[in-house]
Amino acid sequence: RRGEMAKSTQLIDNEVFRAFATYAAIVLLKMMLMSVITAYFRITRKAFVNPEDTASFGKGESAKKYLRTDADVERVRRGHLNDLENIVPFVGIGLLYALSGPELTTALLHFRIFTGARILHTFAYLIPLPQPGRGLSWVVGYLVTFSMAYKVLKTVWLL
Amino acid sequence: RRGEMAKSTQLIDNEVFRAFATYAAIVLLKMMLMSVITAYFRITRKAFVNPEDTASFGKGESAKKYLRTDADVERVRRGHLNDLENIVPFVGIGLLYALSGPELTTALLHFRIFTGARILHTFAYLIPLPQPGRGLSWVVGYLVTFSMAYKVLKTVWLL
Amino acid sequence: RRGEMAKSTQLIDNEVFRAFATYAAIVLLKMMLMSVITAYFRITRKAFVNPEDTASFGKGESAKKYLRTDADVERVRRGHLNDLENIVPFVGIGLLYALSGPELTTALLHFRIFTGARILHTFAYLIPLPQPGRGLSWVVGYLVTFSMAYKVLKTVWLL
């Protein structure tokens, strides 16, 4: 059943679409993980931004000192924003790409390289690795998305 | 016509997809509302970030004093960013989930809880409600998205 | 083959979907361009945020002075965030709209106006143009997305 891609009318039976759905879910889950890491650092570093979040530490000045920025918290937040800036285009363009009829092997190559690059990017940001580690992993993900956009525009172009 | 989901080749005739489209549009409109609330607070609090936005208040020092941050404006902006961080995964994973063939009742449960949780989250952030109000509404939306991602990966897995 | 939209089971043969894919790819690429402009200004203005990014300028105090904010860098970053806040709803709601069976001419009108408005918004932000240039281009894109959401909800409503 999985192989009859051309005859099927169900997107979910299309192998390229299944591959896209797998990798899109993985990178979106990876992005969601950044929220948990931010919360972890906010709690362990006691660095909050909303007064109501520090209420459990007491009232007045004793709680107010925890309304502060922390270098590690800010680093995770930058990684999270960078994910939004790059994973959103991947998911949007990747969906259109998956529907534009690419070869399964070509599509898998795009999805795997992007996902690997973004996982590397997160490690490079959080450890942090010396540059150009983070820069290169960002560029690789960027070029993969650009390559998919090129295929989409070549296939569907209707302005 | 609406009931013949299995025979139809039009996504829009699929009831799960219709439910997804309804809730996705609602949460995206809710997210868009944050821009208007931010603009409202910027104007009423006279707290701007771009020099060209304060030009109508006069030139030089008289306008410069409105280039400042305001606690309420920053609060709405944090709510907006939190929406981006959580509604983007919901829309992306929710679309794949809707295409993965879930039961309509199960799908509606996911969509309704997520949407309710995010509306609560906005009220909890803007009023603000004491914690753990905002924290719990965030966790509920997070777990719903995670549950949909699990169903997607179980159904489509092709790495 | 392109004209047999009603008979085709392939999304990519649907002209409205092809138009959506074209414009969605264009605005997502435009949004991705903001990353490159940010990097360009960070490098030319020597204004970085991560210590590892300034390591090539030497060690200690000589590199530390490049960990600073720059007005032009911050301006591009605000434009980028504004893109995320507005292009994400366009891509999400626009996809549902394209599947809700609008007339091709009506759909093209929506996609073209939104894309034009967002390109204008970027120029208005980066040059910068005096207000209400940026404000109006933002409103136009916002209303187009709202109009598509209205059509989606009218067509699919299943709560």
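Residues numbered from 1 in each chain as written. Chains lettered and ligands numbered in written order. Predicted model: local features only at pLDDT ≥ 70, side-chain atom pairs only at ≥ 80, totals over all residues. Heavy atoms only, no water.

A. Molecular detail of the UniProt feature "transmembrane region" (unreviewed entry) in chain A. All names here are of chain A. When the UniProt feature table is mapped onto this chain, "transmembrane region" (unreviewed entry) is found at residues 20-41 and 84-101. Taken end to end, residues 20-41 is 100% helix and 0% strand, and its first and last C-alpha atoms sit 32 Å apart. Between the first and last C-alpha atoms of residues 84-101 the distance is 26 Å; the span itself is 83% helix and 0% strand. (UniProt positions renumbered as here; feature names shortened; annotations may be inferred. Helix = DSSP H or I, 4+ residues; strand = E, 2+ residues; numbered from the N terminus.)

B. The relation of the copies chain C and chain A, seen in detail. Expressed as a screw transformation, the operator carrying chain C onto chain A has a rotation angle of 120° and an axial translation of 0.0 Å, and the superposed copies differ by an RMSD of 0.0 Å. Both copies of the chain, as the preceding transformation shows, are related through a three-fold rotation axis. The overlap is low: 14% of the interface residues of chain C also sit at the interface in chain A, so different surfaces are used on the two sides. (Least-squares fit on C-alpha atoms with pLDDT ≥ 70 in both. Contact = heavy atoms within 4.5 Å.)

C. Region of interest: the relation of the copies chain A and chain B. Once chain A is rotated about the relating axis by 120° and shifted along it by 0.0 Å, it coincides with chain B to within an RMSD of 0.0 Å. Little of the interface of chain A is mirrored in chain B: 14% of its interface residues are interface residues there too.

D. View of helix H1 (residues 15-44) of chain A. All names here are of chain A. Taking 1.5 Å per residue as the helical rise, H1 with its 30 residues ought to reach 44 Å, and the 43 Å between its terminal C-alpha atoms agrees with that figure. Judged by how many residues are buried, H1 sits mostly within the fold: 22 of 30 residues are covered. For H1, the capping residue at the N-terminal end is Asn 14, with a side-chain oxygen 2.8 Å from the backbone nitrogen of Val 16. (Expected span 1.5 Å × (residues − 1). Buried < 20%, exposed > 50% of the residue type's maximum accessible area, 1.4 Å probe, protein only. Polar contact = N/O pair within 3.5 Å; in protein donor to acceptor, adjacent residues only side chain to side chain.)

E. Examining the pattern of salt bridges more closely. Considering all chains together, one arrives at 21 salt bridges over all chains under this definition. Among the ionic pairs, Glu 52 of chain C bridges to Arg 134 of chain A, the shortest N-O distance being 3.4 Å. In this pair, Glu 52 of chain C sits in the loop between helix H1 (15-44) and helix H2 (61-64) while Arg 134 of chain A sits in helix H5 (residues 133-156), so the two residues belong to two different chains. We note that Glu 52 of chain C, like Arg 134 of chain A, is buried. A salt bridge links Arg 77 of chain C to Glu 74 of chain C, with the shortest nitrogen-to-oxygen separation between them at 3.1 Å. (Salt bridge = Lys/Arg side-chain N within 4 Å of Asp/Glu carboxyl O.)

F. Focus on the interface of chain C and chain A. Across the boundary between the two partners, chain C contributes 36 residues, which contact 32 residues of chain A. Between chain C and chain A lies a buried interface of about 2,800 Å² when both sides are counted; carbon and sulfur atoms form 70% of it. On inspection of chain C and its partner chain A, the count reaches 11 residue pairs in polar contact (both at pLDDT 80 or more). Counting residues per element, the ones that place at least two in the side of chain C that touches chain A are H1, helix H3 (71-98) and helix H4 (104-126) of chain C. If one sorts the elements of the side of chain C that touches chain A by residue count, H1 of chain C sits on top with 18 residues. Its residues placed into classes, the side of chain C that touches chain A shows 23 nonpolar, six polar and seven charged. (Buried area = accessible area lost by both parts, 1.4 Å probe. Nonpolar A, V, L, I, M, F, W, Y, C, P; charged D, E, K, R; others polar.)

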